[in-house]
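# Working through the structure, step by step
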Amino acid sequence: MSVYDNSILAFIKVIETNANLLTPPDWDNLNQLANQLPDDDIENISDQLENWLKESASRQEIFQRYQEQREGLTEAEIRDFPEIGVGGSKSPTPANQPSPAAKDMIINSIIRHSPPSTPQTNPANPQGSN
């Protein structure tokens, strides 16, 4: 696994285990970022995720946990994580099934761990009720 794969794995694990550290605006921003990530550029995805963690003071604690997670990945975690890169790396996914892409894995993790949306109320009738 490359350093970029490890960074993406660490990011996913931190989102899964520390979801409560992100504010609702952070979740909204993360959803927007995830949908804009490139489909097949692992290095770019890794860099964008790390930059996103560093760009806001509200994310400093989760950034610290991300760094700790990235440095503390075990061989078993790395071995069990599917290959998410391109360029000739062999995927443990069976030949008749597509390998999950990094972007899809990140989006799925965000969807599974983001807080439920606040129900929207109907806007007040500007003309008043009759």
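Residues numbered from 1 in each chain as written. Predicted model: local features only at pLDDT ≥ 70, side-chain atom pairs only at ≥ 80, totals over all residues. Heavy atoms only, no water.

## Digging into the nonpolar core
Core analysis: the biggest nonpolar cluster contains 26 residues, and I8, F11, L30, L49 and I106 have the highest contact counts within it. Secondary-structure elements contributing two or more residues to this core are α1 (3-17), α2 (24-36), α3 (42-54), α4 (60-71) and α6 (102-113). A total of six residues in this core trace back to one element, the largest contributor, which is α1. (Core = buried A, V, L, I, M, F, W, Y, C linked by side-chain atoms within 4.5 Å. Buried < 20%, exposed > 50% of the residue type's maximum accessible area, 1.4 Å probe, protein only. Helix = DSSP H or I, 4+ residues; strand = E, 2+ residues; numbered from the N terminus.)

## Remarks on the packing of α1 against α6
Packing of α1 against α6 leaves a shortest axis separation of 9 Å and a crossing angle of 10°. When the axis of α1 is compared with that of α6, the two are roughly parallel. In contact with I8, F11, I12, I15 and E16 of α1, α6 contributes A102, M105, I106, S109, R112 and H113. (Axes fitted to C-alpha atoms, helices over the stretch in contact; angles between N-to-C directions. Parallel < 35°, antiparallel > 145°, perpendicular 65-115°, else oblique. Contact = heavy atoms within 4.5 Å.)

## Describing the environment of P38
You can see P38 is positioned in the loop between α2 and α3. Distance from P38 to Q48, taken between C-alpha atoms, is 9.9 Å for residues 10 residues apart in sequence. The residues contacting P38, other than those within four sequence positions of it, are N44, I45, Q48 and K103.

## What about the confidence of the model for the chain?
Reading fine detail from the predicted coordinates is not recommended where pLDDT is low. Taken over all residues, the pLDDT of the chain has a mean of 76, while the share at 70 or more is 70%. Note that residues 85-99 has pLDDT below 50 and, in this model, 13 contacts with residues that lie over four places away or in other chains. Scored below 50 in pLDDT, residues 118-126 shows zero contacts in the model against residues more than four places distant or in partner chains. (pLDDT = per-residue confidence, 0-100.)

## Let's talk about the side chain of S46
Of note, S46 is situated in helix α3. With near-sequence residues (within four places) excluded, S46 lies in contact with Y4, S7 and I8.

## What to know about α1
Along its 15 residues, α1 runs 21 Å from first to last C-alpha, staying within 8% of the 21 Å computed at 1.5 Å per residue. Along α1, the residues that are buried comprise D5, N6, S7, I8, L9, A10, F11, I12, V14 and I15. (Expected span 1.5 Å × (residues − 1).)

## Some thoughts on α3
In this model α3 runs 18 Å from its N-terminal to its C-terminal C-alpha over 13 residues, within 8% of the 18 Å that 1.5 Å per residue would give. Taken residue by residue, α3 has I42, I45, S46, L49, E50, W52 and L53 as its buried positions. What you see down the axis of α3 is that its buried residues fit within an arc of 155°, all on one side. As for α3, its buried residues are in contact with α1, α2, α4 and α6. (Arc of directions from axis to C-beta.)

## Points about the packing of aromatic side chains
Within this structure, the stated rule accounts for two aromatic pairs. Aromatic side chains F11 and W52 sit 6.5 Å apart centroid to centroid with 75° between the ring planes, which places their arrangement in the edge-to-face category. Here W52 lies in helix α3 and F11 lies in helix α1, a separation of 41 residues in the sequence. Both residues of the pair, F11 and W52, belong to the buried class. In this structure, R59 is placed above the aromatic ring of W52, and the distance from its NZ or CZ to the ring centre is 4.0 Å. (Phe/Tyr/Trp six-rings, centres within 6.5 Å; stacked < 30°, edge-to-face > 60°. Lys NZ or Arg CZ within 6 Å of the ring centre and 35° of its normal.)

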